[in-house]
Amino acid sequence: MYSVLNRRVSFSLLIVIIVMFSSYKADSKCEFKAVFNFGDSNSDTGGFWAAFPAQSGPWGMTYFKKPVGRASDGRLIIDFLAESLGMPFLSPYLQSIGSDFRHGANFATLASTVLLPNTSLFVSGISPFSLAIQLNQMKDFKVRVDEFHSSQQPGLHILPPSNIFGKSLYTFYIGQNDFTSNLASIGVDGVKQYLPQVIGQIAGTIKVVLWMKEIYGIGGRTFLVLNLAPVGCYPAILTGYPHTMSDLDKFGCLIPVNNAVKYYNMLLDKALSETRTVLKNATVIYLDTHKILLDLFQHPKSYGMKYGIKACCGYGGRSYNFNQKLFCGTTKIIGNSSATAKACRDPKNYVSWDGIHATEAANRRISTAILDGSISYPPFALNHLCPSV
């Protein structure tokens with residue numbers, strides 16, 4: 001009697017599990033067919049160097065084995081996200097040769113800012129392709145795709161279908177250059193006064209994107225916004241920003257700079273929360289990449305790495321291996337001799353690639369946290385929404 005009852009209960013539980021699993025698969029079917037990215041060097045896959053060809057040296061050495069327009073030794077966060085979604089790497093919008101936009105486009109360029117630059121690239125080093133310009137490029141791209149498909153012209157197989165825009169992720173990773181370009185000249189207190197304007201621009205831009213007829217009108221409602229990294233742990237800031245030992249925390253990072261970063265991220269989080277209340281049908285996700293990157297800088301050995309605040313590619317050795325006059329891959333006369341900022345042999349053991357950007361190893365760990373939803377607010381796990389991730 002007991003065995004018969006036990007078998008019936010087990011069979012019933014099996015049926016329930018099968019039904020639950022089937023429902024989960026149906027509800028979690030991944031509908032993302034493309035990614036459109038906006039940002040700076042942290043997510044630029046070659047746009048800047050397509051516009052201003054010049055990249056050389058050890059860039060890309062780990063994965064691509066050559067410079068491919070990325071500010072790292074290998075893949076970026078946006079590369080890992082694309083791979084995880086089963087897509088090819090995003091082609092830079094500005095790249096005229098070899099691009100394929102069937103699964104999205106990357107409008108990010110190195111040195112880009114949220115605010116419109118008030119000077120030229122050759123004076124300040126700030127890219128002319130600010131966020132507003134990138135969004136105009138996106139809108140123009142959408143218009144051209146629609147025109148192409150409506151005309152039914154042959155050829156141009158690098159363009160996506162017209163309905164792709166409603167099945168896409170829109171990612172934003174920008175703001176670092178607005179922060180750091182003003183840090184040295186106006187100080188942390190000055191940056192705090194300046195930040196609300198920057199955050200307002202980001203939030204306003206997201207609203208523009210969400211309400212854009214070309215995207216929002218066809219159902220494009222999923223937006224991922226990455227926050228600002230703990231730049232007070234960057235070798236470039238540690239060697240370029242005047243400070244005393246009392247300004248450093250026990251991990252060697254600049255306390256006042258990272259406090260300003262926290263302020264920035266708090267404002268960004270608040271702005272995105274307000275955006276969600278206005279656009280109730282949109283999914284606007286705040287990604288706390290700062291959290292995982294700070295942990296990498298503070299506890300590199302916990303992630304199987306050796307160095308947190310020391311750059312892999314740089315010059316000078318010692319604690320930071322970074323020289324403000326000699327960036328990664330360049331050669332200059334220092335003193336009476338020629339010097340070259342060379343790359344280390346083991347980038348996988350470093351968090352910082354060149355004193356400003358993360359290594360592929362660090363980018364991989366940040367991407368894992370994004371995919372599992374552990375740094376997403378509100379909760380948003382791509383590897384749950386997309387079973388193949």
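Scroll up to find the structure.
Residues numbered from 1 in each chain as written. Predicted model: local features only at pLDDT ≥ 70, side-chain atom pairs only at ≥ 80, totals over all residues. Heavy atoms only, no water.

(A) Spatial organisation of the packing of aromatic side chains. Under the defined criterion, the tally for this structure stands at 23 aromatic pairs. Aromatic side chains Tyr 63 and Phe 64 sit 4.8 Å apart centroid to centroid with 85 degrees between the ring planes, which places their arrangement in the edge-to-face category. What makes Phe 64 buried here is its relative accessible area of 18%. Seen from their ring centres, Tyr 170 and Phe 223 are 5.2 Å apart, and the 25 degrees between their planes marks the pair as stacked. In this pair, Tyr 170 is assigned in strand E3 (residues 168-173) and Phe 223 in strand E4 (residues 222-226), connecting sequence segments 53 residues apart. Classification of Phe 223 by relative accessible area gives buried; the value is 0%. Among the aromatic residues, those joined into a cluster by ring pairs are Phe 36, Phe 38, Tyr 93, Phe 101, Phe 107, Phe 141, Phe 165, Tyr 170, Phe 172 and Phe 223. Seen from the ring of Phe 89, Arg 70 lies directly overhead, with NZ or CZ sitting 5.4 Å from the centre. In this structure, Lys 310 is placed above the aromatic ring of Tyr 307, and the distance from its NZ or CZ to the ring centre is 5.3 Å. (Phe/Tyr/Trp six-rings, centres within 6.5 Å; stacked < 30°, edge-to-face > 60°. Buried < 20%, exposed > 50% of the residue type's maximum accessible area, 1.4 Å probe, protein only. Helix = DSSP H or I, 4+ residues; strand = E, 2+ residues; numbered from the N terminus. Lys NZ or Arg CZ within 6 Å of the ring centre and 35° of its normal.)

(B) Structural context of the state of the cysteines. Evaluation of the coordinates by the stated rule reveals three disulfides. The disulfide partner of Cys 312 is Cys 344, and the S-S distance across this bridge is 2.0 Å. Disulfide Cys 312-Cys 344: the torsion about the S-S bond is -100 degrees, which places it as left-handed. Placement of Cys 312 in the loop between strand E6 (307-311) and strand E7 (331-334) and of Cys 344 in the loop between strand E8 (337-340) and strand E9 (350-352) is noted, with a sequence separation of 32 residues between them. Shown here is the disulfide that connects Cys 313 with Cys 328, its sulfur atoms set 2.0 Å apart. Taking the torsion about the sulfur-sulfur bond, which here is approximately 90 degrees, the covalent link between Cys 313 and Cys 328 counts as right-handed. Of the two residues, Cys 313 is situated in the loop between E6 and E7 and Cys 328 in the loop between E6 and E7; the sequence distance between them amounts to 15 residues. (Disulfide = S-S within 2.5 Å.)

(C) Focus on the nonpolar core. Counting 94 residues, the largest nonpolar core has Phe 36, Phe 38, Phe 179, Val 257, Tyr 264 and Leu 382 as its most contacted members. At nine residues, the largest contribution of residues to this core is made by helix H6 (residues 176-211). If near-sequence neighbours (up to four positions away) are discounted, Phe 179 is found in contact with Val 191, Leu 195, Leu 228, Val 231, Val 257, Ala 260, Val 261 and Tyr 264. In this structure, Ala 71, Cys 312, Tyr 350 and Trp 353 belong to the second largest nonpolar core, which totals eight residues. (Core = buried A, V, L, I, M, F, W, Y, C linked by side-chain atoms within 4.5 Å. Contact = heavy atoms within 4.5 Å.)

(D) Spotlight on the side chain of Ser 99. Along the chain, Ser 99 turns up in the loop between helix H3 (77-84) and strand E2 (104-106). Looking at Ser 99, the relative accessible area reads 9%, which means it is buried. Here the side chain of Ser 99 touches Gln 95 through a polar contact of 2.7 Å, landing on its backbone oxygen. What Ser 99 contacts, discounting residues up to four positions off in sequence, is Ser 91, Pro 92 and Ile 158. (Polar contact = N/O pair within 3.5 Å; in protein donor to acceptor, adjacent residues only side chain to side chain.)

Distances and angles like these do not, on their own, reveal function.
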